[in-house]
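Notes for the structure review
Read off the chains here:
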Amino acid sequence: MDTAVGKVVSISLLVIFAVMPVLAPLVGEPYYVDVFARIMLWAMAALGLNLILGFGGMVSFGHAAYVGVGAYTVGILSHHGVSSGFLQWPLAIGLSGIFAAIFGAISLRTRGIYFIMITLAFSQMLYFLAVSLEQYGSNDGLLVPERSDFSIGTLHAGIDDDHAIYYVILCILVLCLYAKSRLIAGRFGMILKGIKSNETRLQALGVSTYRYRLAAFTLSGMICGLSGVLFANFEGFVSPDLMHWTRSGEVLIMVILGGAGMLFGPLFGATVFLLLSEVLARFTDYWNIIFGPILILVVLYAKGGIGGLFRGRNRG
Amino acid sequence: MQRVALGVYLEAVTVAKLLLSVQGLTKKFGGVKALSAVGMDVKQGSIHAVIGPNGAGKTTLINLITGRQRADSGRIWYCGGTIDNLSSEARARHGIVRTFQITSIFPSFSALDNAVLAIQAREGRNFGCWSPVRDDKGIQVSAREYLVQVGLGDHEDTHAAHLSHGQRRLLELAMVLATQPRLLILDEPMAGLSIAESKSMVELLGALKCENTLLMIEHDMDVVFSLADYVTVLDRGVAIACGVPEKIRSDIAVQKAYLGEVD
Ligand SMILES: Nc1ncnc2c1ncn2[C@@H]1O[C@H](COP(=O)(O)OP(=O)(O)OP(=O)(O)O)[C@@H](O)[C@H]1O
Ligand SMILES: [Mg+2]
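Since we're looking at a predicted model, the values are computed, not measured. (Residues numbered from 1 in each chain as written. Chains lettered and ligands numbered in written order. Predicted model: local features only at pLDDT ≥ 70, side-chain atom pairs only at ≥ 80, totals over all residues. Heavy atoms only, no water.)

1. Let's talk about the overall build of chain A
As a reminder, the rule being used: Only DSSP runs of H or I reaching four residues or more are called helices, and only runs of E reaching two or more are called strands; each is numbered from the N terminus. As a reference, a globule follows 2.2 Å times the number of residues to the power 0.38, and the radius of gyration itself is taken over C-alpha atoms. Type-normalised accessible area, obtained with a 1.4 Å probe on protein chains alone, sets the label of each residue: buried when under 20%, exposed when over 50%, and partly exposed for intermediate values. Two residues form a contact once any of their heavy atoms are found within 4.5 Å. In these tables, accessible area is a Shrake-Rupley quantity obtained with a 1.4 Å probe, and a residue counts as shielded only by the protein chains included in the view.
Scanning chain A from terminus to terminus reveals 12 helices and two strands. Walking chain A from its N terminus toward its C terminus, one meets helices and strands in the order α-α-α-α-α-β-α-α-α-β-α-α-α-α. Taking 2.2 N^0.38 as the reference for a compact globule, 316 residues should give roughly 20 Å; the C-alpha atoms of chain A span a radius of gyration of 19 Å, in line with that estimate. Scored against the burial criterion, the 316 residues of chain A give a buried share of 54%. In chain A, the share of contacts with a sequence separation of at least 24, taken over all contacts with a separation of at least 6, comes to 77%. Of the accessible surface of chain A, which amounts to about 13,200 Å², a share of 69% is contributed by carbon and sulfur atoms.

Structure below.
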């Protein structure tokens with residue numbers, strides 16, 4: 001994303017997202033507002049994963065679990081009549097962080113395929129936990145009766161309006177992108193990129209890399225948790241499906257498709273992945289048969305993913 | 001037993017100002033005894049060379065000192081205390097920093113950022129998330145100085161992967177220097193360098209001598225005899241000789257170990 005072209009494409013994409021609620025109804029496809037909202041939500045989860053995958057080189061196959069933790073926290077609280085966003089959001093993000101910290105602390109002691117398998121196992125644990133929660137709908141999921149409420153005293157503030165939630169999601173996504181751009185250029189980001197580039201060298205220079213990998217893992221879980229919070233609010237519904245391992249796989253694909261280790265990669269990846277599956281699904285029921293090979297081709301031939309196409313020189 | 005060792009050690013420290021002292025280091029890999037009861041003293045401010053034929057256990061010795069591998073038995077003293085229980089990262093933070101026989105740098109970083117990362121490693125407090133390292137004048141200037149010191153001043157923006165083999169070895173040295181080590185360990189710094197490159201490397205290492213303590217593995221005898229103050233000779237895991245270069249040169253056991261070796 002160092003090149004001017006990359007910047008222009010990234011900004012244009014954000015502009016398209018910004019005008020979608022107005023544009024889609026105009027061209028008679030109001031349904032696409034929802035599609036684009038979902039793209040942003042998954043992009044945020046992918047952005048969280050990209051922090052550790054793209055910058056730290058850790059391939060987690062279980063990040064949908066943290067999306068689920070965030071979503072379920074909001075759902076369950078709302079179910080019990082606790083709808084204050086000031087309570088729901090920090091609690092949801094905090095819980096995702098705690099789960100990520102615990103799972104990360106154990107997973108990060110392993111490498112390679114073992115790391116992939118153990119992150120998958122932990123996420124499946126949470127998936128089955130959600131399925132087993134009968135009072136919260138088991139497999140059928142749980143309705144979220146009302147969206148998070150941000151009223152202070154008599155000052156009413158909420159995100160009940162459909163446009164409002166769309167733009168809240170957009171704003172938070174842009175904030176996340178900005179925060180991440182700062183983070184990866186900062187000292188912590190340098191260490192993360194160093195871990196991906198040559199961990200042995202970093203250790204031999206005196207850096208205990210484990211704590212940095214764990215901090216990044218936890219942070220990335222919290223970003224996914226935030227995306228889950230928004231999911232629950234946007235859909236008004238949470239279900240174990242959100243944590244299914246195929247979801248984790250999809251987030252992984254979005255990151256790789258968009259270009260791991262690039263700031264806007266997850267947004268590109270989520271956009272192309274979800275739009276393509278949307279469009280292909282309209283043409284044929286067997287869209288997966290077309291979709292699969294396309295993904296494989298991109299991963300094989302566009303090494304840096306979609307973002308890589310706009311990339312100038314290679315930077316750490 | 002331990003108390004005797006400590007007494008001997010303390011005496012040695014006061015007399016000769018030892019920075020590092022290893023005693024009875026033994027390391028086996030399966031059936032292969034890579035090191036058997038190796039002892040060695042490195043004096044503060046000296047250049048200490050370790051020589052020996054291929055497979056003699058030189059790299060293994062370094063791995064044990066830096067904590068990359070654990071000894072089966074034996075002790076390592078450094079700056080007046082044992083470091084046997086310290087992790088390799090902790091040892092590096094205490095100033096034992098090494099280069100690798102196979103150059104180890106951050107290939108996806110620019111040369112400058114390689115040095116920056118090394119300075120970050122030395123400084124610690126690396127959880128900063130908000131201010132770009134690029135805007136940190138202090139760290140950038142200091143990183144540049146280390147590149148200049150090894151002669152890579154013109155290459156700060158070059159992608160490390162695009163540097164030549166010799167330049168990468170210099171970059172690794174710059175990184176190690178940037179951590180301001182107390183004990184600088186070099187595993188065959190001349191390996192694979194052109195004649196001109198090794199010449200400037202020898203000059204560079206000679207210049208380091210005043211302020212640093214160097215422990216280096218080297219195959220090139222001319223280099224060893226021109227730079228080193230002390231030499232330890234390893235052969236099949238045993239320290240067969242130790243002393244000033246002139247003594248080593250005339251040592252019969254050493255000549256035997258190298259006999260027939262095409263170098
Ligand atoms: N990780 C390992 N696993 C098994 N054997 C090993 C390992 N590391 C070293 N060895 C063996 O230990 C012996 C000493 O190896 P070492 O690398 O220390 O030698 P060296 O003196 O550095 O040789 P060279 O000059 O080739 O670098 C060799 O026989 C080697 O095969
Ligand atoms: Mg060796």
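This is not the end of the story, as more comes after the structure.
2. Topic: the interface of chain A and chain B
What counts is decided by this rule: Throughout, the accessible surface (probe 1.4 Å) given up by two parts as they are put together, summed over both, is called the buried area. By salt bridge we mean one thing: a side-chain nitrogen of Lys or Arg within 4 Å of a carboxyl oxygen of Asp or Glu. N or O atoms within 3.5 Å of each other form a polar contact, as long as, within protein, one can give a hydrogen and the other can take it, and as long as residues adjacent in sequence are counted only when both atoms are side-chain atoms.
Counting residues at the interface gives 29 residues for chain A and 39 residues for chain B. Counting each side, the surface lost to burial between chain A and chain B is near 2,900 Å², with a carbon and sulfur contribution of 59%. When residues of chain A are sorted by the area they lose upon contact with chain B, A:Arg187, A:Arg201 and A:Leu205 head the list and together hold 28% of the total. Where chain A meets chain B, there are two salt bridges. Measuring nitrogen to oxygen at the nearest pair gives 2.6 Å for the salt bridge that ties A:Arg201 to B:Glu172. Across the contact surface, chain A and chain B share 19 residue pairs in polar contact (both at pLDDT 80 or more).

3. Here's the deal with the domain arrangement of chain B
Residue and element names in this part refer to chain B. Test applied: For the domain bounds, the source is a domain assignment made automatically or taken from a database. Each residue is assigned to one class: nonpolar for Ala, Val, Leu, Ile, Met, Phe, Trp, Tyr, Cys and Pro, charged for Asp, Glu, Lys and Arg, and polar for all the others, Gly among them.
Domain boundaries in chain B define domain 1 (1-100 + 184-263) and domain 2 (103-178). Each of domain 1 and domain 2 has a C-alpha centre, and these two points are 27 Å apart. The interface of domain 1 with domain 2 comprises 18 residues on the first partner and 14 residues on the second. Of the roughly 1,100 Å² buried between domain 1 and domain 2, counting both surfaces, carbon and sulfur atoms make up 69%. Where domain 1 touches domain 2, the interface holds zero salt bridges. At five residues, the largest contribution of residues to the side of domain 1 that touches domain 2 is made by helix α7 (residues 195-208). Residue composition of the side of domain 1 that touches domain 2, by class: 11 nonpolar, three polar and four charged.

4. A closer look at the packing of helix α2 (residues 31-53) of chain A against helix α6 (residues 162-185) of chain A
Residues and elements named next belong to chain A. Put simply, the rule is: Comment: axis = line fitted to C-alpha atoms, over the contacting stretch for helices; angle = value between 0 and 180 degrees taken between N-to-C directions. Put simply, angles under 35 degrees are roughly parallel, angles over 145 are roughly antiparallel, angles from 65 to 115 are roughly perpendicular, and the rest are oblique. Take the far helix as the reference: if the near one is turned anticlockwise from it by less than a right angle, the crossing is left-handed, and if turned clockwise, right-handed.
At a closest axis distance of 10 Å, the pairing of α2 and α6 adopts a crossing angle of 25°. Comparing the axis directions of α2 and α6 gives the class roughly parallel. Our pair here, α2 against α6, has a crossing hand that is left-handed. Listed contacts from α6 to Val33, Phe36, Ala37, Met40, Leu41, Ala43, Met44, Leu47, Asn50 and Leu51 of α2 are Tyr166, Ile169, Leu170, Ile172, Leu173, Cys176, Leu177, Lys180 and Leu183. By residue class, the composition of the contact of α2 with α6 is 17 nonpolar, one polar and one charged.

5. Examining the side chain of B:Ser104
Checked against the element boundaries, B:Ser104 lands in the loop between β6 (96-98) and α4 (111-123). If we skip the residues at most four places from it in the chain, B:Ser104 touches A:Asn198, A:Arg201, B:Glu172 and B:Met175.

6. Examining the site of ligand 1
All names here are of chain B. What counts, and what does not: When at least one non-hydrogen atom of a residue lies within 4 Å of a molecule or strand, that residue is treated as near it.
Taken together, 13 residues surround ligand 1, and among them Gly55, Lys58, Thr59, Thr60 and Gln101 come closest. One of the backbone N or O atoms of Gly57 is found 3.0 Å from an oxygen atom in ligand 1. The side chain of His219 places a nitrogen or oxygen atom 3.3 Å from an oxygen atom of ligand 1. Summarising the interface, the protein chains cover 63% of the accessible area of ligand 1, which totals 630 Å² for the free molecule. Of all the secondary-structure elements, those providing two or more residues to the shell around ligand 1 are β2 (32-43) and α2 (58-66). The dominant element in the shell around ligand 1, judged by the number of residues it contributes, is α2, at three residues. When grouped by side-chain class, the residues that make up the shell around ligand 1 number four nonpolar, seven polar and two charged.

7. Details of the packing of aromatic side chains
We count it as follows: When the centres of two rings from Phe, Tyr and Trp lie within 6.5 Å, Trp using its six-membered ring, the rings pair. Their planes under 30 degrees apart give stacked, over 60 give edge-to-face, and anything left gives tilted.
All chains considered together, the criterion is met by 19 aromatic pairs over all chains. Summarising the aromatic geometry, the rings of A:Tyr66 and A:Phe217 are spaced 6.2 Å apart at their centres and angled 85° between planes, so their arrangement reads as edge-to-face. With A:Tyr66 in helix α3 (residues 64-79) and A:Phe217 in helix α8 (residues 209-235), this residue pair connects regions lying 151 residues apart in the sequence. Using a relative accessible area of 0% as the deciding quantity, one classes A:Phe217 as buried. Seen from their ring centres, A:Tyr178 and B:Trp130 are 5.7 Å apart, and the 80° between their planes marks the pair as edge-to-face. Here B:Trp130 lies in the loop between α4 and α5 (137-149) and A:Tyr178 lies in helix α6, a pairing that spans two chains. Taken together, the ring pairs connect A:Tyr66, A:Phe99, A:Phe103, A:Phe115, A:Phe122 and A:Phe217 into an aromatic cluster.

8. Concerning the sheet that holds strand β5 (residues 81-82) of chain B
Residue and element names in this part refer to chain B. Put simply, the rule is: Note on pairing: DSSP must find at least two bridges between two strands before they are called paired.
If you trace the four strands from one edge of the open sheet to the other, you get β2-β1-β4-β5, paired in antiparallel fashion. The open sheet has two free edges, formed respectively by β2 and β5, since each of these has just one partner strand. Here strand β1 (residues 18-29) runs beside strand β4 (residues 73-78); their pairing, made up of five bridges, is antiparallel. The residue of β4 that forms the bridge with Gln23 is Arg75.

9. A few points about unusual backbone geometry
A positive phi angle is found at A:Ser138, which is not glycine, with a value near 45°. Structurally, the position occupied by A:Ser138 is in the loop between α5 (112-132) and β1 (142-143). Although it is not a glycine, B:Cys79 adopts a positive phi angle of roughly 50°. With respect to the helices and strands, the residue B:Cys79 is situated in the loop between β4 and β5.

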